[in-house]
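Fold and geometry: a report
Next come the chains, spelled out residue by residue.
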Amino acid sequence: MIDDGSTDNTSIIVQKFPNIKYIYQKNSGVSSARNLGIANACHEWLAFLDSDDEWVTNKLEEQVSFHKDYSETFVSYTDEIWIRDDINVKIPKKFQKLGLDVFMENLSFCNIAPSSVLIHKSIFESVGTFDESLEVCEDYDLWLRILLENKIALINKKLTKKYAGHKNQLSFKYWGMDRFRVITLEKLLQNKKDISDEKVEIIQNELLTKYTLLLKGAIKYDKVEDIQIYERKVAKFRLF
């Protein structure tokens, strides 16, 4: 368990559970906390559980069983139950899991919840860990890096509970979340020699779409510096 600088009674409560390995760090962000957990993990398979999520009782059992049957797959994720104000809510169509082309399903936005993932530690040795320079969309960044070379399989069962609506959710903290997603896509293209031509074209098209939307948003909210940035980026891509 990684305590990322909590100010509640976590350090006291955890004493009631002596089998839990507890590590405290000064608040450094979700990526730093997850990476610290990865570095201190003792076993080959890792699962994440954010403080505002919950696992269904048999969640890990289902995933372990899957990986025993499909030993060539080293990452899986599950479907989710969304809860707001103690009521189950319908998941919007665009967030519903299909698991058919996971790269494409996660290219516009992140559709894999970290708390739903079971992953083999060797994956981190291959592609790296969470990017601590990203304040948000760090999960989007990691899943796409993994998907360039690896499968991520969907366990099509609602085994992870996500609680939405509280004021501390990072997804509510920033305007223009695509600003962070384009950083990931730009990084991927910097290493495009390792990416198929088909994926390069797909990433370029997605970047142009995001640049255009961000430019419209910057104009709407009169963000002069951002207008200049995205005008240059859109113009650059239209030269290709």
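Re the packing of helix α7 (residues 178-190) against helix α8 (residues 197-220)
Closest axis-to-axis distance for the α7/α8 pair is 10 Å, and the angle between their directions is 150 degrees. As judged from the angle between their axes, α7 and α8 are roughly antiparallel. The chirality of how α7 crosses α8 is left-handed. Note on element contacts: α8 touches α7 through V200, I203, Q204, E206, L207, K210, Y211, L213 and L214, opposite D178, R179, R181, V182, L185, E186, L188 and L189.

Quick word on a negative patch on the surface
A surface patch of like charges, here negative, comprises D101, D197, E198 and E201. Tracing the backbone through its elements, the reader meets E201 in helix α8.

A look at the nonpolar core
Core analysis: the largest hydrophobic core is formed by 44 residues, its most contacted members being I119, W143, L144, I146, I152 and L185. Broken down by secondary-structure element, the contributors of at least two residues to this core are β5 (75-84), α4 (102-105), α5 (121-127), α6 (138-147), α7, α8 and α9 (224-238). Here the element with the most residues in this core is α8; it accounts for seven residues. Ignoring sequence-local partners within four residues, the contact set of I152 consists of V75, Y77, V102, I112, W143, I146 and L147.

Regarding the pairing of β5
Taking burial as the measure, the 10 residues of β5 include eight buried ones, the bulk of the element. As paired elements, β5 and strand β7 (residues 118-120) share two bridges and run antiparallel to each other. Within the sheet, the bridge partner assigned to V75 lies in β7 and is I119. Across nine bridges, the pairing between β5 and strand β8 (residues 153-164) is parallel. Directly across from I83, in β8, lies its bridge partner Y163. Pairing geometry for β5 and strand β6 (residues 87-89), over three bridges, is antiparallel. Its bridge partner lying in β6, R84 is registered against I87.

Definitions and cut-offs
- Residues numbered from 1 in each chain as written.
- Predicted model: local features only at pLDDT ≥ 70, side-chain atom pairs only at ≥ 80, totals over all residues.
- Heavy atoms only, no water.
- Axes fitted to C-alpha atoms, helices over the stretch in contact; angles between N-to-C directions.
- Helix = DSSP H or I, 4+ residues; strand = E, 2+ residues; numbered from the N terminus.
- Parallel < 35°, antiparallel > 145°, perpendicular 65-115°, else oblique.
- Left-handed = near helix turned anticlockwise from the far one by under 90°.
- Contact = heavy atoms within 4.5 Å.
- Patch = residues over 30% accessible without salt bridge, like charges linked within 9 Å, V, L, I, M, F, W, Y side chains within 5 Å.
- Areas by Shrake-Rupley, 256 points an atom, 1.4 Å probe, with all protein chains shown as cover.
- Salt bridge = Lys/Arg side-chain N within 4 Å of Asp/Glu carboxyl O.
- Lys, Arg positive; Asp, Glu negative; His and termini not counted.
- Charge placed at Lys NZ, Arg CZ, Asp CG, Glu CD.
- Core = buried A, V, L, I, M, F, W, Y, C linked by side-chain atoms within 4.5 Å.
- Buried < 20%, exposed > 50% of the residue type's maximum accessible area, 1.4 Å probe, protein only.
- Pairing = 2+ DSSP bridges.

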